[in-house]
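Below are the chains, spelled out letter by letter.
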Amino acid sequence: MDRVSAFDEPLKKLLGGATAKVMAEHLGLHTVGDLLHHYPRRYEERGRLTALTDLPLDEHVTVVAQVADARIMMFNNGRGKRLEVTLTDGSGRLQLVFFGHGVHKPHKELLPGRRAMFAGKASVFNRKMQLAHPTYQLLDAQDGDEEDVTEAVDAFAGRLLPIYPACKQLDSWRIAKAVDTVLPSAREAVDPLPLPLREGRGFVPLPEALLRIHRPQTKADIAAARDRLRWDEAFVLQVALARRRYADTQLPAVARKPVSAGVLDAFDATLPFTLTEGQQKVTEEIFDDLATEHPMHRLLQGEVGSGKTLVALRAMLRVVDAGGQAAMLAPTEVLAQQHHRSITEMMGELAEGGMLGGSDLGTKVVLLTGSMGTAARRQALLDLVTGEAGLVIGTHALIEDKVKFHDLGLVVVDEQHRFGVEQRDALRSKGKQPPHLLVMTATPIPRTVAMTVFGDLETSVLDQLPAGRSPIASHVVPAKDKPHFLDRAWERVREEVANGHQAYVVCPRIGDDADEAAEKKGKAAGKPPADDPEKRPPLAVLDIAAQLARGPLSGLRVEILHGRMQPDDKDDVMRRFAAGQADVLVATTVIEVGVNVPNATAMVIMDADRFGVSQLHQLRGRVGRGSAPGLCLLVSEAHEASPARARLSAVAATLDGFELSRIDLEQRREGDVLGQAQSGVRSSLRVLSVIDDEEVIAAAREEAVRVVADDPDLDRLPELRIALDALLDKDREEYLDKG
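Residues numbered from 1 in each chain as written. Predicted model: local features only at pLDDT ≥ 70, side-chain atom pairs only at ≥ 80, totals over all residues. Heavy atoms only, no water.

Caption draft 1: View of the nonpolar core. Ranked by size, the top nonpolar core spans 38 residues in total, and within it Ile286, Met347, Leu391 and Leu410 carry the most contacts. Per-element accounting of this core gives the leading share, nine residues, to helix H13 (residues 308–321). If we ignore the near neighbours within four places in the chain, the residues touching leucine 410 are Leu290, Met296, Ala315, Met316, Val319, Gln325, Ala326, Ala327, Pro435, His436, Leu437 and Leu438. One finds Leu27, Cys167, Ile213 and Ile222 within the second-largest nonpolar core, a separate group that totals 35 residues. (Core = buried A, V, L, I, M, F, W, Y, C linked by side-chain atoms within 4.5 Å. Buried < 20%, exposed > 50% of the residue type's maximum accessible area, 1.4 Å probe, protein only. Helix = DSSP H or I, 4+ residues; strand = E, 2+ residues; numbered from the N terminus. Contact = heavy atoms within 4.5 Å.)

Okay, structure coming up:
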């Protein structure tokens, strides 16, 4: 077996079909290399009991503890029996419960004083933490049971016990046994680090790091292995990104240099305010990039309401002045229409180039979406191919084959995470030469994530709010514990409307036939509902709107907005709401980004615990956009001590998006920035934490830039190329391209 193929060996060859199937389906492990990179989450010391006081609820946990007592309880008039076992670690207690025929073996084995490793899902019953029907492995020999436990004692005595990320179908110690089977292959690992780099930083060789992380003799072994493996993950990722940045610098682009007395100067002269210091600084960075002869690749991240759209519009006008066209790609029709409306309003007569009454300096601003009528669509396509339209705002309809540009110079992508790599590339390919690219996001991204996920883009940050933006007060409304708080929330909405303002009510679900069909289909397939089975389904727009109009908000003008409405109907609702012809808009997250109604001052988010931290922050940013203060009420039925409520309290406590994104990262345990939720593929990050390892990532980035500048194709570093192929397979590498 050669050095590379040892890691590519399918697990079913070594472990058998059943175990390999569980590993593939539930842990995403397919090859020897995958399993060797499935590192222990933590380690238990022989003789030291696990802390039982901090077990996470509803998670699959592994604990090492001692049996305090065990008793058989009868129920159902003696027809049923259960075994209750109490574990202790000296500081806390945990109850185990076994039912029916499953009580016999543990009743014989789990005697007071015995020590064992237990695995199961932590839940609460009668206000006590418990594991129901856990699997377990004894860790000591007692009372003549020597034969039963000799194997366990031999395996674990005097050693640090690795506790692996496990699943219901496969316990940590079974994973440990599987690792034992493949561990000899670790000696054949190809070391990706250039020798001078490895020796210069004092790292152990990769084979040794793998052996030490899985079977450490001392805590120093674990530390040395983690240092090495953490660096590998950061470095290989940064090399991939550095190669991408290097390749981009080799592409040609048309430099879009400044032109005086053009449409940009005319636009600036109409602005009723001066740009913030942050907007000026970021604009300079963008304009410098546009003036170069290779494509700009820049990420513009800014707080909700920090004026990103204005910065992007000025960049687009700079390109129009230089003879090119600019396209803004929005994730939804509602947002595309909103951008088109706000940009044409901001530009005034400058958006009517070639039209009667338009400015001689102006250009045409066209909208292109999938639902446009044939005549309007034909005219828009004609304006693009002739160059009559300098600016186009659209949805994914912009990237269809029929759409041709006269000279596409700049692509602005709004809310990048909503677009796939193919869509971004398809739009970029419409220029005669690659156009400049500006990616905008209102989701604040910690520096480490920006260096990792967005590592192929230069980053600009807008962290100042323009003058005149109002503060937003946020409060959690515990609807279940204190129903009168919810009554007061609706009173507050009425008060805002009485003062001449408007309000949003946001729900997680639409509540139409398609929703119900999806729920029925899920039940038929045996899938659990998206939330806890004991909970009701998430609240729906159609239901809540009807209840509010009949009840607490009767007499107010209540409208609805959701993603399955006809585009013209959606636009009509948004226009009426923006014009003040509706008091309350009950909507889904279709209003999450870009919707700008300065008169809307209040937002009530129903079932707020069903949304993520960043999403709540985005939604909240829709209020307080004018001179009146904003109010955001987070309605939840979650228990006060639950993680969901902790998340809501964090959102209510700060308006700092960067702080919230850090909390979000920690709560989702996302040391894994290329994780399942974002990319749909397994992550290559296993010990690197984007929360804690900023210095490692920054240092790895510097080394990667140096290596790639010296040897762009890695011809002299074949081992690094192999690691790049293994750690960043095709799917994951394409995911990086999303930026």
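Caption draft 2: Representation of helix H10 (residues 219–249). Across its 31 residues, H10 extends 45 Å between first and last C-alpha, which sits within 8% of the 45 Å expected from 1.5 Å per residue. Taken across its 31 residues, H10 has 22 buried, putting it largely inside the fold. (Expected span 1.5 Å × (residues − 1).)

Caption draft 3: Spotlight on the confidence of the model for the protein chain. With 82% of its residues at a pLDDT of 70 or more, the protein chain shows a mean pLDDT of 82. By mean pLDDT, helix H25 (residues 676–679) is the weakest element of the protein chain at 33, and strand S17 (residues 502–506) is the strongest at 96. (pLDDT = per-residue confidence, 0-100.)

Caption draft 4: Summary view of the side chain of histidine 214. Its place among the elements puts histidine 214 in helix H9 (residues 206–214). A relative accessible area of 0% places histidine 214 in the buried class. A polar side-chain atom of histidine 214 sits 2.9 Å from a polar atom in the side chain of tyrosine 164. Among residues more than four places away in sequence, those in contact with histidine 214 are Leu35, Leu36, His38, Tyr39, Pro40, Pro162, Tyr164, Val179 and Leu183. (Polar contact = N/O pair within 3.5 Å; in protein donor to acceptor, adjacent residues only side chain to side chain.)

Caption draft 5: Layout of the environment of leucine 310. Note that leucine 310 resides in helix H13. By relative accessible area, leucine 310 is classed as buried at 6%.

Caption draft 6: Geometry of the environment of leucine 57. Inspection of the secondary structure assignment puts leucine 57 in the loop between strand S1 (42–45) and strand S2 (60–75). Relative accessible area serves as the criterion here: at 41%, leucine 57 is assigned to the partly exposed category. A C-alpha to C-alpha distance of 8.9 Å links leucine 57 and proline 643, two positions 586 residues apart in sequence. Ignoring anything within four residues of it in the chain, the contact list for leucine 57 reads Ala122, Ser123, Val124 and Met129.

Caption draft 7: Molecular detail of the sheet that holds strand S16 (residues 472–478). Pairing is parallel across the open sheet formed by six strands, whose spatial order is S16-S21-S20-S17-S19-S18. The two strands at the open ends of the sheet, each matched to only one other strand, are S16 and strand S18 (558–561). Taking each pair of neighbouring strands and ignoring which way they run, the sheet shows an average axis angle of 20°. Note: S16 against strand S21 (residues 630–636), seven bridges, orientation parallel. For valine 476, the partnering residue across the bridge sits in S21 and is leucine 634. Against the sheet, helix H23 (residues 643–653) makes contact with S16 and S21, and its axis sits at roughly 160° relative to S16, the strand it touches most. (Pairing = 2+ DSSP bridges. Axes fitted to C-alpha atoms, helices over the stretch in contact; angles between N-to-C directions.)

Caption draft 8: Looking closely at helix H11 (residues 263–270). All of the buried residues in H11 are Val263, Leu264 and Phe267. Angular distribution of buried residues about the axis of H11 spans 100°; they occupy a single face of the element. For H11, the elements touching its buried residues are helix H12 (277–290), H13 and helix H14 (333–347). (Arc of directions from axis to C-beta.)

Caption draft 9: Focus on the environment of glycine 612. Inspection of the secondary structure puts glycine 612 in the loop between strand S20 (600–605) and helix H22 (613–620). A relative accessible area of 31% places glycine 612 in the partly exposed class. Separated by 52 residues in sequence, glycine 612 and aspartate 664 have C-alpha atoms that sit 7.6 Å apart.

Caption draft 10: Structural detail: the pairing of strand S19 (residues 584–587). Burial along S19 is two-sided: the residues Val584 and Val586 and Leu585 and Ala587 are all buried. In this sheet, S19 lies alongside S17 in parallel orientation, the contact comprising four bridges. By the bridge assignment, tyrosine 504 is partnered in S19 with leucine 585. Sheet analysis places S18 next to S19, joined by four bridges and oriented parallel. Counterpart to leucine 561 in the pairing with S19 is alanine 587.

Caption draft 11: Region of the structure containing the pattern of salt bridges. Under the counting rule described, the total for this entry stands at 35 salt bridges. For arginine 488, the salt bridge identified is with glutamate 495, shortest N-O distance 2.8 Å. A residue is classified by how much of its surface remains accessible, and glutamate 495, at 31% relative accessible area, is partly exposed. In this structure, the salt-bridge partner of glutamate 559 is arginine 576, at a minimum N-O distance of 2.5 Å. (Salt bridge = Lys/Arg side-chain N within 4 Å of Asp/Glu carboxyl O.)

Caption draft 12: Just the sheet that holds strand S13 (residues 408–414), in detail. Here we have seven strands laid out as an open sheet, ordered S11-S12-S10-S13-S14-S9-S15, and parallel in their pairing. Looking along the sheet, the strands with just one partner apiece sit at the ends: strand S11 (364–368) and strand S15 (458–462). Ignoring which end each strand starts from, the neighbouring axes of this sheet average 20° apart. Bridge count between strand S10 (residues 325–329) and S13: five bridges; the pairing is parallel.

Caption draft 13: Molecular detail of unusual backbone geometry. Look at alanine 261: it is not a glycine, yet its phi comes out positive at around 60°. Looking at the element boundaries, alanine 261 is found in the loop between H10 and H11. The exposure class of alanine 261 is exposed, given its relative accessible area of 56%. Phi angles above zero are rare outside glycine, and leucine 714 is one such case at about 55°.

Caption draft 14: How the structure looks around the packing of H9 against H10. Packing of H9 against H10 leaves a shortest axis separation of 8 Å and a crossing angle of 125°. If you check the angle between H9 and H10, you find them oblique. The two elements H9 and H10 meet at a crossing, and its hand is left-handed. Seen from H9, the contacting residues are Leu206, Ala209, Leu210, Arg212 and Ile213; seen from H10, they are Asp221, Ala224, Ala225, Arg226, Arg228, Leu229 and Asp232. Of the residues in the contact of H9 with H10, the class split is seven nonpolar, no polar and five charged. (Parallel < 35°, antiparallel > 145°, perpendicular 65-115°, else oblique. Left-handed = near helix turned anticlockwise from the far one by under 90°. Nonpolar A, V, L, I, M, F, W, Y, C, P; charged D, E, K, R; others polar.)

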